[in-house]
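Now for the letters of each chain:
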Amino acid sequence: MSVPPQGTESGARRSIALATGTFHAIFALLRSFGLASALFLGLLLLTYLGTLDQIEFGIHHAQQKYFHAFLVLHPVFGVPVPLPGAYLLMVLLCINIALGALLRIRKGWAQAGMLMVHSGILVLLAGAFVNFHYAFDGQMTLHKGESVSHFTSAHDWEVVLLAPDAAVDAPSVVVPGSAFMDLRGAETRTLELPNLPFTLEFANFQPNAALIPAGPVVPAASIVAGHFLDARPEDTNLDLNFAGLHLRVIPSDAGTPQDVLVWALQEAPANLAIPGGTWRAELRRQQWPLPFSLTLREFTREIHPGTEMPRAFSSVLTRQDGDLEERVRISMNDPMRYKGYVFYQSSWGPQNAGPGVDLYSILAVSRNPADRFPLYACAFIALGMAVHFATKLTRYIRREAAGRAS
Amino acid sequence: MIRTFCFALLFAASIAHAAPTPPEEVLDAAAAVAVQDSGRIKPLDTYARFTLLQLSGRTALRTADGGTMRALPWLLECWFDPSTAQSRAVFLIENPEIMEALGLAHGTPRERFPYQALSRARAILFNLARQYGGMPVESRTAAQKQTLQLAHNVRLFESLTRTLISLAPDPAQPKALHLSDHLERAAAGTPLDARAMALRLAAMEESPALALLPPNPASAAPETWTTPAALLQQALAGQLPSLHQIEALRALENLAASSPLTSSATPHFLQLQRATSEVLAENRDYAQIPRELFFYRLQPFYWSLVLYILAFVLIAMAWLFPPHRYIHALALLLLSAPLAMHTTGIVLRCLIRGRPPVTTLYETLLFVTAIAVLVALLLEIINRRRVAAGAGALLGALGLFLAARYEAIDRTDTMPNLIAVLDTNFWLSTHVTTVTIGYAAGLLAGAIAHVYLLGKTLGLRQQDPAFYKHLTRMVYGVFCFGLLFATVGTVLGGIWANESWGRFWGWDPKENGALMIVLWGLTILHARIGGYIRDYGLHMAAVFGGIIVAFSWFGVNLLSVGLHSYGFTSGVHTALSRFYLFESAMLLIATFGWLREQGIIQIVHGKK
């Protein structure tokens, strides 16, 4: 019988004990009330900072910087201080709830309410996760009589390439914004496109810019065909931002690369001279096709009599889905839900229209697989709280009765 | 020189102020006349009240002889006796810069001026207003905004004084036909004398802004009320008035020929009421006029405020006596009386507008206060230590005082129409009500926590630990109650947003404010269960919770971003800053008390 060396065994035990100890310590931390309090406090601080940030930079900026991020660099007296972002805190919160409030808690009728409340919160957070990663939203502008079967993003852009013989509304290639929207200044990214006679290189994406003739002080590198993209401060109203992008087309047959600037307000797509024909390129707000079309029949805006204050506004539309044609109405607080898409009456224009001018309708469109999660979560949380209070109350009444009896 | 002139004016004004007021009979008939203002049909009495408030910052005038003049007699004076009305100091200017710019002699930085004084500087005022009006709204300074408002008020006053002038019979042609006669003939088929009527219209130029004539249901704008000049203009364009409109116009002409100082005006006001009642028999707002008149006559919030103050003083006195059944009952009664009056006021407002209790920021003040007092009353029934009753009475008085101040700062009708997105009774009654109940509980918990913290810091009732245990239990209970409502209310708000705008959560400032209350509540709840904070920490957390509630309720509105931001004024900013400062000082003092209790700081009493 062989006996393993004494020292090695105790060393192994010690390291196992250490590992188990560390694991337990981490586990205990992850499920602790202390972590829960710290996470709530952290979220509170981020919410406050993110609210103040909106005054100067607008809501979109605050969302990106504080709430959609893993890590935040928050300036304190000009020095960026790293803080955990709301995304990270919410992931930790999910772990904390799952380990602490669902696994650790004693299972019994007395805890039923609290179990439900915490499960409801998890559903809410799951909804937030699905919404963040899988939902998208945009808007649709409809003039009277016009039929539209796509909607556009407010903040994402795409580059559209048209083959020499393609019609303007039938793009050959669509490059999503994720390929270039993070490129600033001289940073470049090359995109190989299968089956195309050229390669694209992107640089200098400007979220809001003007394309203007170059003057003497403009650096030569950013001038293309006598013009350059003049960066403008981003407007908090996203509709007023007009992006610009530097495109370089490198023909596959090693011909001369060609530079063009594309800009959201260009009247016509930019021409790309490629051997074999002229392609065209355009920068536009990202579009999503819809599996049906909407036609605006009538937009009505009611105002409180004798004032300019809107009382109600609504759009009457025809929805054409294959052969099925239906008349639908969308008004404030009464959206249309159809095939996973939701359409809301969000605005109208032109804002300063005089009497008799036909108004156009602006609908906000969203597609969110977790659209109904908050509703279920809220019902669950409210029910859980009611159960919790009912159990507490029964216990209290029993105790009081017992106290009186003794 | 200007100063002498102003004194002379004031002297002249003081003589004019002795003018007699109309008999009650005339005032009653006039009060119930319906008008359309800001898209809503309301009694003339309400219109007068808020117009005077807008101009002078008060709902009743103080006359030079020390008396008071209510809003309606003042409005009638503007109609019937413009020259006296012009001599009354009604235009409140709260900025010496503006007085200097207009060359107005003044003694204090906040003063009321008569129209006569302002009319000399009219050209300068309107010139400035034109300049400021052309500037972007966000870049206007406070003084510039106030100048614009003053110019607007001057125009409004001028139009009020012209209400009846164009309708009075021409003394040169006493037998000439009235406008109503011409229109009646036209309605019967006789064409209008276009030239004479156009001349008449030119004389009526700059017609009054107040729409006193009911709408014509057959016209293109069947809900919009109108003025005599607009009626004539439409008639010239081929759109003849309805018989009710002619009848109402005739009532105005009769009024123009009478005096409100005798009861002879009464039948004409009644005639005006009759002319509108038939057209508006089905109208909801119109049917509420008697109730609205009753509401403003009752002044429920004013009397509740008085009773809350009285209740607080008496309950505070009762603290000196040992607990007794009768004293407990008295405390409950003292708090119930103003709460009943307060609730009556809120219910009347709901009935008048056909809406849930909270639709505007002003109404949140009324509702949150009522809920805080109600919860305090329930606590008092359970706990019987007169702390909750005292805190309730104090919060009641404070809340209604702030509501009255807010009304005086905001100076607009507190029962306005709502913009389209808010006009939904379902969400207003669920989301808004629950969130505001959360505010109320958060503030009440903070208020009771002050008693604990001050008591501990000052070393009061050290021999009675049970007293402090009770306070802790109360604060914890109210805190959890508030957290429950704040959480459900916030999630409901998200669901409303999801129904109306397509996103559950958008990190809008008002949403964030509500979320901050919830997060703070959750932090404290978990920290307490985990044993990280004890009694002292809980009470300090409740006070800090009050600060967060104030930030969420009013603070975020001052940021002026997002979907929920309302119109706002600097007065609210000052009040809020003072509240933050006071509560921060409270927390500092409490920290000191805690350090002493822990034995970290020791205070040496007396000499060794």
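Coordinates for the structure precede this section.
Below you will find a few notes about this structure. The residue count restarts for each chain, going from 1 along the sequence in the order it is written. In the order they appear in the text, chains get letters beginning with A and ligands get numbers beginning with 1. With the structure being a predicted model, the display of local features is reserved for residues of pLDDT at least 70 and the display and counting of side-chain atom pairs for 80 or more, all residues being used for whole-chain, interface and lining totals. The side-chain figures draw on all heavy atoms in the structure; neither hydrogens nor water molecules are used.

The number of helices and strands found in chain A is five helices and 18 strands. Radius of gyration (C-alpha) of chain A: 29 Å, far over the 22 Å computed for a compact globule of 406 residues. Exposure classes here rest on a 1.4 Å probe applied to the protein chains alone. A residue is buried below 20% of its type maximum, exposed above 50%, and partly exposed in between. Within the span of chain A, comprising 406 residues, buried residues form 40% of the whole. Only the protein chains shown count as cover for residues, with accessible areas throughout obtained via the Shrake-Rupley method and a probe of 1.4 Å. For chain A, the exposed area adds up to about 22,100 Å²; of that, 61% sits on carbon and sulfur atoms. None of His or the chain ends enter the tally, which takes Lys and Arg as positive and Asp and Glu as negative. A charge is said to be at NZ when it belongs to Lys, at CZ for Arg, at CG for Asp and at CD for Glu. Charged side chains of chain A number 30 positive and 32 negative; the gap between the two group centres comes to 19 Å. Strands are runs of DSSP state E lasting at least 2 residues, helices are runs of H or I lasting at least 4, and numbering of each runs from the N terminus. Atoms counted for the radius of gyration: C-alpha only. Globule rule: 2.2 Å times residue count to the power 0.38.

Check the secondary structure of chain B and you find 25 helices and six strands. Long-range pairs, those at least 24 residues apart, make up 72% of the contacts in chain B between residues at least 6 apart in sequence. Of the roughly 27,100 Å² of accessible surface on chain B, 63% is carried by carbon and sulfur atoms. Chain B carries 47 positive and 40 negative side-chain charges, and their two centres are separated by 11 Å. In what follows, residue pairs with any heavy atoms lying within 4.5 Å of each other are defined as contacts.

Residue and element names in this part refer to chain B. As used in this record, nonpolar core signifies buried Ala, Val, Leu, Ile, Met, Phe, Trp, Tyr and Cys residues forming a set joined through side-chain atoms within 4.5 Å. Ranked by internal contacts, the top residues of the largest apolar core, which has 131 residues, are Leu-444, Ile-448, Leu-471 and Trp-553. Here this core takes 17 residues from helix 22 (residues 465-500), the largest share from any one element. For Leu-471, the residues in contact, after removing those within four places along its chain, are Val-387, Ile-448, Val-451, Tyr-452 and His-539. Judged by nonpolar contacts, the second largest core, of 82 residues, contains Ala-30, Leu-232, Ala-265 and Ala-275.

Now for unusual backbone geometry. Residue and element names in this part refer to chain A. Gly-349 connects to Pro-350 through a cis peptide bond whose omega is -10°. Along the chain, Pro-350 falls in the loop between strand 17 (341-349) and strand 18 (360-367). The residue Ala-225 is not glycine, and still its phi comes out positive at about 50°. Tracing the chain through its elements places Ala-225 in the loop between strand 8 (209-213) and strand 9 (227-231).

Next up on the list: empty space enclosed by the protein. Residue and element names in this part refer to chain B. Computed over the protein atoms alone on a 1 Å grid, cavities are sets of points where a 1.4 Å probe fits but cannot get out and pockets are open sets with protein on both sides within 12 Å along at least five of seven lines; a residue lines them when it has an atom within 4 Å of a point. Grid points are joined across faces, edges and corners, and a volume is the space filled by probe spheres set on the points. Scanning the model with the defined rule gives six cavities of 30 Å³ or more in all. If you go around the largest cavity, the residues you meet are Gly-438, Gly-442, Phe-479, Gly-482, Leu-483, Ala-486, Ile-517, Trp-520, Gly-521, Gly-545 and Val-549. For the lining of the largest cavity, the leading source of residues is helix 22, giving four residues. Polar here means any residue outside two lists: the nonpolar Ala, Val, Leu, Ile, Met, Phe, Trp, Tyr, Cys and Pro, and the charged Asp, Glu, Lys and Arg; Gly therefore counts as polar. When grouped by side-chain class, the residues that make up the lining of the largest cavity number six nonpolar, five polar and no charged.

Looking now at the pairing of strand 5 (residues 173-176) of chain A. Residues and elements named next belong to chain A. Side chains Val-173 and Val-175 of strand 5 all project onto a buried face; the interleaved residues Val-174 and Pro-176 project onto a face where none is buried. At least two bridges found by DSSP between two strands is the condition for calling them paired. Of the strand pairs in this sheet, strand 4 (residues 147-162) and strand 5 are connected by four bridges, and their pairing is antiparallel. Paired with Val-159 across the bridge in strand 5 is Val-175.

Residues and elements named next belong to chain B. With their axes 8 Å apart at the nearest point, helix 3 (residues 44-56) and helix 4 (residues 71-80) run at an angle of 85° to one another. In terms of their interaxial angle, helix 3 and helix 4 are classed as roughly perpendicular. Side by side, helix 3 and helix 4 meet where Leu-44, Asp-45, Tyr-47, Ala-48, Arg-49, Thr-51, Leu-52 and Leu-55 of the first sit next to Ala-71, Leu-72, Trp-74, Leu-75 and Trp-79 of the second. Among the residues forming the contact of helix 3 with helix 4, the class breakdown is 10 nonpolar, one polar and two charged. Geometry is summarised by axes, namely lines fitted to C-alpha atoms with helices restricted to the contacting stretch, and by angles between N-to-C directions that run from 0 to 180 degrees. Oblique is the label for every angle not falling under 35 degrees (roughly parallel), over 145 degrees (roughly antiparallel), or within 65 to 115 degrees (roughly perpendicular).

As a further point, take the interface of chain A and chain B. Between chain A and chain B, the residue contacts involve 42 residues of the former and 45 residues of the latter. A side-chain nitrogen of Lys or Arg and a carboxyl oxygen of Asp or Glu constitute a salt bridge if their distance falls within 4 Å. Run the count over chain A and chain B and you get one salt bridge. As used in this structure description, the phrase polar contact means that two N or O atoms lie within 3.5 Å; if the pair is within protein, one of them must be able to donate a hydrogen and the other to accept it, and residues adjacent in sequence are counted only when both atoms belong to side chains. One can count 12 residue pairs in polar contact (both at pLDDT 80 or more) joining chain A with chain B. Sorting the residues of the side of chain A that touches chain B by element identifies helix 2 (33-67), helix 4 (109-134), strand 14 (310-321) and helix 5 (373-405) of chain A as the ones contributing at least two each. Looking at the side of chain A that touches chain B, the element that brings in the most residues is helix 2 of chain A, giving 17 residues. Among the residues making up the side of chain A that touches chain B, the classes are represented as 26 nonpolar, 12 polar and four charged.

Attention shifts here to the packing of aromatic side chains. Only centres within 6.5 Å qualify two rings of Phe, Tyr or Trp (six-membered ring in Trp) as a pair; their planes then separate them into stacked at under 30 degrees, edge-to-face at over 60, and tilted for everything else. Overall, the coordinates contain 38 aromatic pairs over all chains when judged by the stated rule. An angle of 10° between the planes, with centres 6.2 Å apart, marks the rings of Phe136(A) and Phe151(A) as stacked. In this pair, Phe136(A) sits in strand 3 (residues 136-142) while Phe151(A) sits in strand 4, placing the two residues 15 residues apart along the sequence. The partly exposed category is assigned to Phe136(A), whose relative accessible area is 23%. Considering the side-chain rings of Phe295(B) and Tyr296(B), the 5.0 Å spacing of their centres and the 75° angle between planes classify their relative orientation as edge-to-face. Given a relative accessible area of 3%, Phe295(B) falls into the buried group. Judged by its relative accessible area of 9%, Tyr296(B) falls in the buried class. Following the ring pairs from residue to residue traces out a cluster consisting of Phe136(A), Phe151(A), Trp288(A), Phe292(A), Tyr338(A), Tyr341(A) and Phe343(A). Any Lys NZ or Arg CZ found within 6 Å of a ring centre and within 35 degrees of that ring's normal is scored as a charge over the ring. Across from the ring centre of Tyr341(A), 4.6 Å away, lies the NZ or CZ of Arg367(A), which sits over that ring. The positively charged end of Arg49(B) is found above the aromatic ring belonging to Phe50(B), 5.6 Å away from the centroid.

In this section: the environment of Ala397(B). Residue and element names in this part refer to chain B. Assignment of secondary structure puts Ala-397 in helix 20 (residues 387-410). Under the relative-accessibility criterion, Ala-397 is labelled buried at 11%. With 328 residues separating them along the chain, Ala-397 and Met-69 place their C-alpha atoms 26 Å apart. If near-sequence neighbours (up to four positions away) are discounted, Ala-397 is found in contact with Leu-305, Tyr-308 and Ile-309.

What follows deals with the sheet that holds strand 7 (residues 198-206) of chain A. Strand-to-strand pairing in sheets goes through backbone hydrogen bonds, with the strands running parallel or antiparallel. All names here are of chain A. Taken together, four strands build an open sheet; the order of strands is 6-7-10-11 and the sheet is antiparallel. The sheet terminates laterally at strand 6 (188-192) and strand 11 (258-263), the two strands that pair on one side only. For this sheet, the mean inter-axis angle between neighbouring strands, taken without regard to orientation, is 25°. Here strand 10 (residues 244-251) runs beside strand 11; their pairing, made up of six bridges, is antiparallel. Bridged to Gly-244 within strand 11 is Trp-263.

On to the pattern of salt bridges, then. Evaluation of the coordinates by the stated rule reveals 29 salt bridges over all chains. The closest approach of N and O atoms between Glu326(A) and Arg319(A), which form a salt bridge, is 2.7 Å. Glu326(A) sits in the partly exposed class, given a relative accessible area of 33%. You can call Arg319(A) buried: its relative accessible area is 7%. Taking the shortest distance from any N to any O, the salt bridge between Arg250(B) and Glu184(B) comes out at 2.8 Å. Highlighted residues: Arg250(B) in helix 13 (residues 243-256) and Glu184(B) in helix 10 (residues 179-187), separated in sequence by 66 residues.

With that settled, consider helix 2 (residues 24-31) of chain B. Looking only at helix 2 of chain B, the buried set comprises Val26(B), Leu27(B), Ala29(B), Ala30(B) and Ala31(B). Where helix 2 of chain B is buried, its residues touch strand 2 (40-43), helix 3, strand 4 (68-70), helix 4, helix 14 (266-279) and helix 16 (289-298) of chain B.

With that out of the way, let us pick up helix 4 of chain A. An ideal rise of 1.5 Å per residue puts 38 Å on 26 residues; helix 4 of chain A measures up with 37 Å between its terminal C-alpha atoms. Inspection of helix 4 of chain A places Gln111(A), Ala112(A), Gly113(A), Leu115(A), Met116(A), Val117(A), His118(A), Gly120(A), Leu125(A), Gly127(A) and Val130(A) among the buried residues, and these make up the whole buried set. Here the expected span of a helix is defined as 1.5 Å times the quantity of residues minus one.

Further remarks concern a nonpolar patch on the surface. Patches here are clusters of residues that have more than 30% relative accessible area and form no salt bridge, with a 9 Å joining cutoff for like charges and a 5 Å cutoff for nonpolar side chains (Val, Leu, Ile, Met, Phe, Trp, Tyr). The grouping of Leu307(B), Ile309(B), Leu310(B), Val313(B), Leu314(B) and Met317(B) at the surface amounts to a nonpolar patch, some 480 Å² of accessible area in total. Relative accessible area serves as the criterion here: at 44%, Met317(B) is assigned to the partly exposed category.

Residues and elements named next belong to chain A. Tracing the backbone shows Asp-169 in the loop between strand 4 and strand 5. On the basis of relative accessibility, which here comes to 71%, the residue Asp-169 falls in the exposed class. C-alpha of Asp-169 to C-alpha of Glu-298: the two residues are 129 residues apart in sequence and 26 Å apart in space.

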